[in-house]
Amino acid sequence: MTSQDSTRFLRIAAWTWLGFLLAMAWMDFFLYSQAGLPIARPPLLQQGLPERPPPLTARNPLRPVFTFYAANGLAASVFFLLAHWRKIREKLGGAFYPLLLFTISAAPIVVNALVTPRFPNGPLANAEGMTLRQFPILFVALALAAWEYDLPRVVLFSVAVNALDLGLTY
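Described in the following lines is the structure provided in the data block. (Residues numbered from 1 in each chain as written. Predicted model: local features only at pLDDT ≥ 70, side-chain atom pairs only at ≥ 80, totals over all residues. Heavy atoms only, no water.)

## What about the packing of helix α5 (residues 96-115) against helix α7 (residues 151-169)?
Here comes step 1: At their nearest, the axes of α5 and α7 sit 9 Å apart, and the two run at 20° to each other. Taken together, the axes of α5 and α7 are roughly parallel relative to one another. Judged by the sense of rotation from one axis to the other, the crossing of α5 with α7 is right-handed. Residues Leu101, Ser105, Ala106, Ile109, Val110 and Ala113 of α5 form the contact with α7, whose own contacting residues are Phe157, Val161, Leu164, Asp165 and Leu168. (Axes fitted to C-alpha atoms, helices over the stretch in contact; angles between N-to-C directions. Helix = DSSP H or I, 4+ residues; strand = E, 2+ residues; numbered from the N terminus. Parallel < 35°, antiparallel > 145°, perpendicular 65-115°, else oblique. Left-handed = near helix turned anticlockwise from the far one by under 90°. Contact = heavy atoms within 4.5 Å.)

Right, here's the structure in full:
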């Protein structure tokens, strides 16, 4: 395994992360805006009755969804730029791969812990749905760790990722 192979896999992971986020965002915004979920306009407003201003908490119920994708998108974009930036790879040397591995594994967990408790009601707003949002990216991170490191380090990586997730959950 060469450094060039590792860099190539990091770049594939960056494209995968961005593509997954775009697909999930499209699905979420379709479900929340088109499928008639409780956060859509109430039926009385659609019948032509005068519209009252909504309470402050209900003005933008999709704000946590936007925040979730903005934060994950920012992390994925930083990961993408780092994976494609040759000079930073050369400057960081041996710390480059662990830094990107930390980024792709910690960012979804931190964003999930800080943003998703405020998600509006919907089919993927429960614990299982939130797990579906981060599991594919964490699986990519595990594959990156397995590509670069031996089994004891991969096990240590898995334990550390789970400890971070459980620690932020509680």
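What follows continues from the structure just given.
## Brief notes about α5
Note: α-helices contain 3.6 residues per turn, so residues at a spacing of three or four share the same orientation.
Here comes step 1: Between its first and last C-alpha atoms α5 spans 28 Å; for 20 residues at 1.5 Å apiece the expected length is 28 Å, and the two agree.
Here comes step 2: A bend of about 30° at Ala106 is the largest found in α5, and the proline Pro108 appears one to four places after it.
Here comes step 3: Counting buried positions along α5 yields 14 of 20 residues, so the element is predominantly enclosed. (Expected span 1.5 Å × (residues − 1). Bend = angle between axes of the 7 residues up to and from the residue. Buried < 20%, exposed > 50% of the residue type's maximum accessible area, 1.4 Å probe, protein only.)

## Considering the pattern of salt bridges
Here comes step 1: Tallied over the full model, the rule gives 2 salt bridges.
Here comes step 2: The closest approach of N and O atoms between Asp28 and Arg133, which form a salt bridge, is 2.3 Å. Here Asp28, found in helix α1 (residues 3-34), pairs with Arg133, found in helix α6 (residues 127-148); they are 105 residues apart in sequence, far enough to count as distant. Comparing Asp28 with Arg133, the two get one shared label, buried.
Here comes step 3: Of the charged contacts in the structure, one is a salt bridge between Arg86 and Glu90, with a shortest N-O distance of 2.8 Å. Of this pair, Arg86 and Glu90 are both found in helix α4 (residues 86-92), 4 residues apart, which corresponds to roughly one turn of the helix.
Here comes step 4: Owing to a relative accessible area of 46%, Arg86 belongs among the partly exposed residues under this scheme.
Here comes step 5: Using a relative accessible area of 51% as the deciding quantity, one classes Glu90 as exposed. (Salt bridge = Lys/Arg side-chain N within 4 Å of Asp/Glu carboxyl O.)

## So, the nonpolar core
Here comes step 1: The biggest cluster of nonpolar side chains holds 37 residues, and the ones touching the most others in it are Leu10, Trp17, Phe79, Ile104 and Leu144.
Here comes step 2: Looking at this core, the elements with two or more residues in it are α1, α3 (63-84), α5, α6 and α7.
Here comes step 3: Beyond its immediate sequence surroundings of up to four residues, Ile104 is in contact with Ala13, Trp17, Phe79, Ile137, Leu138, Val140, Ala141 and Leu144. (Core = buried A, V, L, I, M, F, W, Y, C linked by side-chain atoms within 4.5 Å.)

## Focus on the environment of Ile88
Here comes step 1: Along the polypeptide, Ile88 turns up in helix α4.
Here comes step 2: For Ile88, a relative accessible area of 19% gives the class buried.
Here comes step 3: Beyond its immediate sequence surroundings of up to four residues, Ile88 is in contact with Leu82 and Phe96.

## A word on α7
Here comes step 1: For α7, built from 19 residues, the straight-helix expectation of 27 Å at 1.5 Å per residue is met to within 8% by its first-to-last C-alpha distance of 27 Å.
Here comes step 2: Among the residues of α7, Val154, Phe157 and Val161 are the ones counted as buried. Each buried residue of α7 sits inside an arc of 55° when the element is viewed along its axis, so together they form one side. Across α7 from its buried face, at more than 90 degrees, point the exposed residues Leu151, Pro152, Leu156 and Val159. (Arc of directions from axis to C-beta.)

## Some words on the environment of Trp15
Here comes step 1: Here Trp15 lies in helix α1.
Here comes step 2: In this structure, the C-alpha to C-alpha distance between Trp15 and Phe80, residues 65 residues apart in sequence, is 7.2 Å.

## A word on the packing of α3 against α5
Here comes step 1: Relative to each other, α3 and α5 sit at 180°, their axes nearing to 10 Å. Taken together, α3 and α5 sit at an angle that is classed as roughly antiparallel. Contacts between α3 and α5 involve Pro64, Thr67, Phe68, Ala71, Asn72, Ala75, Phe79, Leu82 and Ala83 from the first element and Phe96, Leu99, Leu100, Thr103, Ile104, Ala107, Pro108, Val111 and Val115 from the second.
Here comes step 2: Class assignment for the residues of the contact of α3 with α5 results in 15 nonpolar, 3 polar and no charged. (Nonpolar A, V, L, I, M, F, W, Y, C, P; charged D, E, K, R; others polar.)

The quantities given are spatial measurements derived from coordinates; they are silent on function.
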